[in-house]
Amino acid sequence: METKRIHWILLAFVVGGSFLLLGFFGREIYRQAPPIPDRIVTTSGTELATRDEILDGQQVWQSAGGQQVGSIWGHGAYQAPDWSADWVHRECLALLDGWSRSEHGVAYDDLGPVQRAELEGRLKVELRTNSYDPVTGTLTISDERAAAWATVGAHYRGLFNDDPSLAELREDYAIQEGAIHDTERLERLAQFFSWTAWACVTERPGESYTYTNNWPHEPLIGNVPTAGNILWSVVSVFLLLATLGGLVWYRAAHSEDEEPHQTPSADPLRGLVITASMRAVGKYCAVVIALFVVQVGLGVVVAHYTVEGDAFFGIPLAKVLPYSLARTWHIQTAVYWIATAFLGAGLFLAPVIGGREPRHQRLGVNVLFGALIVVVVGSMVGEFLSIHQRLGLDVGFWFGQQGYEYVDLGRAWQIALFGGLLLWLFLMMRAIVPALRKPESRGLIGLLSMSVVAIGLFYGAGLFFGARSHLSVAEYWRWWVVHLWVEGFFEVFATGVLAFLFSSMGLVKRTHATRAFVASTTIFLLGGIPGTFHHLYFSGTPISITAIGAAFSALEVVPLVLIGYEALHTIRMGRAAPWVARYRWPIRFFIAVTFWNLVGAGLFGFLINPPIALYYMQGLNTTPVHAHTALFGVYGLLSLGLVVLVLRKLTGQRKWRTGPLAYSFWALNIGLSLMVLLSLLPIGLMQTFASVEHGLWFARSSEFMQAPLIERLRWMRIVGDTVFLSGVASLVWFTLGLWRGWSYAADEVVEVDGGVAVAGS
């Protein structure tokens, strides 16, 4: 039975309605973002900062690495503090100590409990009261608070420069000495940090919670979870259980509806003709492996910086490759090699899907390859120059470092990459279009084509904010790229590619593959598109964002269960024919993806998704648990599986020696598991306890993160990392062997132009 029209109507309704929600509430983010004052003055009339100076400070922050050195509002790196939470706590202590010394003649720490309670009550009123005048655009603060700001600002100016008294703290934070030398830049950076902290403690007009929905947790001023936070957390858990129950019921009710399917006795792809453009994709595979090696090497450096912040086993590497740059490159190269694998796999399969090789397709593949190389090298050089403060602020944003995680590359390189994606879209569609003219292919290929269009276009969302855009607005558009482009439409594209491959190989019926593709895409986008807001609970957004994000992101787990069911079905079908053994390792990579989809994206994702969980966990090591198991476990392994599949077809009928590939597969999966279970997850859970008990500032503080037990857990990561690195080395050895010959079995029989030849060792 063909996919019913109602399923397509439902998919269209889900996509249209979801983007309507995303757009409408995105407008609310613009409208209700924390105001950036035109002037900040004291009650005595002293001007402390202007809007332009705050935005200049935002650009200084971007140029120094932005979200790759510490975090703001919970988004960014995990080694240094969250600057907004850290400023809030330091400001609180500075005010309390100033009042205590002026009124009681002793330090705040020496006061009795009654006197402390009195000062803390005054502190809460002082900080949470909104003294911003929207008519004049002026924020007025007390002289005492201005003195506290001056104290905290001096601390940050010394920290980011070369104050010798803060050398040990810089090492703990993995901030290189003299990260910012310019005095004016240091002043602007402090002014920007002060504004981000002000938004965290100041109540919205007419409300009893702050612009960041009472985040971060700070008991001194009553920053605790809101009623809405708790309510929507309960709703999200209820919706997850209800939809999972509905899925189980649906599968049980329709378990007998599947028609029996006979696996072909011979490989349907055995006679596949490798065209010139398909063969040109081979170099994409080489670049994927090369960038993978670079990315993993940078990951080793980043991980080591957490225990030795300015050196690598005694080598003063941070002078050239500071933590912020190493982490920038680590994340950026991950996006590059995963995206290159997807683009290459698409170009390889496009002539297969369309049934012909378009004219000059090979030229287009080669031009795109050259463009990608230019973007990768150019953006990495620009990031190096920016973080080493060798570019002006405006030039740095365009050619250096934008400062936002996953879209770090300079705007000019970002535009160039977008142009490359448009070229890829053109190359893909000109090859696929002939298949769309065939009625029997329109369902599966049509939806796959839509995902191709989405990948080509949605990266452009990252161009809707600028260097001086409001931080809340920049975060909104950044998550369009990270969540919708990387996590969303790449997922749909991958599901479509696998559905096409498995149906072409005869492992599943085309109608069954189409139905499964449409169903999983509908459910995934229903949760995934408005679920983008679950990243923005505390980014200066109204409470409505929490409601939408919590309710819909809970549904994202459901299609992962459905994909797992389809994977098990594919495994059973694959065992029915001996020829499927030729594709054993690509399929195993794809099966591993379904496992990490459920565990990494599903379980570890939902661990931090409910608002009450994220309130305490945002910016802690529970986030990289999800990031590593989802980004590498899902998209990384899927990319490697696609590369292995392409290499399998490019090497023809030659028999592989799969021992190194088998070892690599298991080492990568086991290494990732050990990395998480022995290090990242225990540290994240301990941080969560500290965050609940004392506040986020303490969970991210040097005092906590450099504690002996945390240090030992960081060193424990070596176990998983070593296993993982051995898997990377084995994969490199195997792929080099496909080029040099040692990865082929000796004296195997291969097909040559319809005849037979014997290939020796």
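Further up the page is the structure itself.
Predicted, not measured: the structure shown is a model, and the values here were computed from it.

Pairing between side chains of opposite charge can happen when the charged atoms of each approach one another. Summed over all chains, the structure comprises 16 salt bridges. With a closest N to O distance of 2.7 Å, Arg 468 and Asp 56 form a salt bridge. Here Asp 56 lies in helix H2 (residues 51-63) and Arg 468 lies in the loop between helix H15 (442-458) and helix H16 (471-504), a separation of 412 residues in the sequence. Here Arg 468 falls in the partly exposed class, since its relative accessible area comes to 31%. Under the relative-accessibility criterion, Asp 56 is labelled partly exposed at 24%. A salt bridge links Arg 717 to Asp 721; the shortest N-O distance between them is 3.3 Å. Note that Arg 717 and Asp 721 are positioned in helix H26 (residues 708-740) at a spacing of four residues, about one turn of the helix. Across this residue pair, the class does not change: Arg 717 and Asp 721 are buried. Taken together, the shared-partner salt bridges connect Arg 27, Glu 28 and Arg 31 into one network.

It is worth spelling out the pairing of strand E2 (residues 47-50) at this point. For strand E1 (residues 39-42) and E2, the ladder comprises three bridges, and the chain directions are antiparallel. Paired with Val 41 across the two strands is Glu 47, which belongs to E2. Adjacent in sequence and paired antiparallel, E1 and E2 are bridged by four residues, among which Gly 45 carries a positive phi angle near 100°.

With that out of the way, let us pick up the nonpolar core. Counting residues in each nonpolar core, the largest one holds 233 residues, and the members touching the most others are Trp 83, Phe 160, Phe 193 and Phe 292. By residue number, the principal contributor to this core is H16, which donates 23 residues.

Glancing now at the sheet that holds strand E6 (residues 138-141). Read across the open sheet, the four strands follow the order E2-E1-E6-E5; overall the sheet is mixed. Each end of this open sheet is capped by a strand with a single partner; those strands are E2 and strand E5 (132-133). Sheet topology places E1 next to E6; four bridges connect them, and they run parallel. Its bridge partner lying in E6, Val 41 is registered against Thr 140. Set on the sheet, helix H5 (residues 143-160) makes contact with E1, E2 and E6; between it and E6 the angle comes to about 95°.

Scoring rules and cut-offs
Residues numbered from 1 in each chain as written. Predicted model: local features only at pLDDT ≥ 70, side-chain atom pairs only at ≥ 80, totals over all residues. Heavy atoms only, no water. Salt bridge = Lys/Arg side-chain N within 4 Å of Asp/Glu carboxyl O. Helix = DSSP H or I, 4+ residues; strand = E, 2+ residues; numbered from the N terminus. Buried < 20%, exposed > 50% of the residue type's maximum accessible area, 1.4 Å probe, protein only. Pairing = 2+ DSSP bridges. Core = buried A, V, L, I, M, F, W, Y, C linked by side-chain atoms within 4.5 Å. Contact = heavy atoms within 4.5 Å. Axes fitted to C-alpha atoms, helices over the stretch in contact; angles between N-to-C directions.

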